Amino acid sequence: MTGGTRGIGREVVRALAPTWRVLVGGRDAAAVAAVVATCPDAAGFVCDLADEAATAAASSRLGSLDAVVHSAGVLGYGPLDAVDRSEWRRVLELNVVAPAHLTSLLLPLLRASRGQVVAINSGSGFTAGASGGLYAASKFALRAWTDALRAEERGRVRVSSVHPGRVDTDMQRDLVAAEGGEYRAEEYLAASSVARAVAAALEASDDAAFDVVNVRPSGLARPS
């Protein structure tokens with residue numbers, strides 16, 4: 001579970017912990033340890049996924065694996081004429097290159113277990129708007145990668161792409177602040193709702209695959 005210490009990733013860990021042995025990934029050792037401590041049977045790995053050598057070293061320590069869930073990612077926001085090359089590289093590296101590289105390292109284990117890959121994508125993996133082009137470009141690319149991986153690995157590894165609408169997370173708060181809006185948590189999906197969709201994909205029967213999952217706010221939630 002990459003990005004397992006915050007937001008959607010942390011909620012996926014909580015959803016899976018009762019029945020799975022979860023490997024919680026994150027960049028901050030204390031944050032990883034805190035999440036692991038809440039799980040009945042979990043372990044942690046600390047790794048900056050933008051670091052190619054560190055990613056390879058972390059993956060080499062695994063002996064078996066049933067699934068990998070990619071939740072680590074970053075926000076990119078701003079008019080395209082104001083986004084410089086370094087920001088393009090940062091966002092694409094973490095949102096696309098890192099999960100692609102990690103998965104390529106883990107594929108032998110996943111093939112052996114007839115396992116699964118789940119990528120937490122976004123509604124921005126289908127549409128792009130003003131000031132959202134950088135983030136959407138990374139999510140379009142992530143969707144293309146999952147589509148190709150699914151085609152290449154069909155019959156060996158199942159690949160799911162989960163596309164939430166706006167979710168009540170720290171990243172969402174940062175986005176609303178950048179847009180100059182007022183944050184109303186009740187308007188957004190709960191991260192735990194997205195986690196349940198991820199769990200459903202992971203726990204599907206062997207004859208079924210959740211290729212693409214869209215999760216949107218229903219409009220039925222009430223302010224707490």
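Everything here concerns the structure above.
To keep things clear, this report deals only with the structure shown in the data block. (Residues numbered from 1 in each chain as written. Predicted model: local features only at pLDDT ≥ 70, side-chain atom pairs only at ≥ 80, totals over all residues. Heavy atoms only, no water.)

### Comments concerning helix 2 (residues 29-36)
Among the residues making up helix 2, those that are buried are Val 32, Val 35 and Val 36. Looking down the long axis of helix 2, one finds its buried residues gathered within 100° of arc, a one-sided arrangement. For helix 2, the elements touching its buried residues are helix 1 (7-16), strand 1 (22-26) and strand 2 (42-46). The N-terminus of helix 2 is capped by Asp 28, whose side-chain oxygen sits 3.1 Å from the backbone nitrogen of Ala 30. (Buried < 20%, exposed > 50% of the residue type's maximum accessible area, 1.4 Å probe, protein only. Helix = DSSP H or I, 4+ residues; strand = E, 2+ residues; numbered from the N terminus. Arc of directions from axis to C-beta. Contact = heavy atoms within 4.5 Å. Polar contact = N/O pair within 3.5 Å; in protein donor to acceptor, adjacent residues only side chain to side chain.)

### So, the packing of aromatic side chains
The geometry of an aromatic ring pair is captured by two quantities: the separation of the ring centres and the angle between the planes. Tallied over the entire structure, the rule returns 1 aromatic pair. Seen from their ring centres, Tyr 183 and Tyr 188 are 5.1 Å apart, and the 40° between their planes marks the pair as tilted. Comparing Tyr 183 with Tyr 188 shows no difference in burial state: the two are buried. For the cation-ring pair, Arg 143 lies above Phe 140, with the distance from its terminal atom to the ring centre recorded as 5.3 Å. (Phe/Tyr/Trp six-rings, centres within 6.5 Å; stacked < 30°, edge-to-face > 60°. Lys NZ or Arg CZ within 6 Å of the ring centre and 35° of its normal.)

### Topic: unusual backbone geometry
The phi angle at Arg 114 is positive, at roughly 50°, despite the residue not being glycine. Within the secondary structure, Arg 114 is located in the loop between helix 4 (85-113) and strand 4 (116-120). Residue Arg 114 is classed as exposed on the basis of its relative accessible area of 58%. Positioned with a positive phi, Ser 131 is a non-glycine residue whose angle comes to about 70°. In this structure, Ser 131 sits in the loop between strand 4 and helix 5 (133-153).

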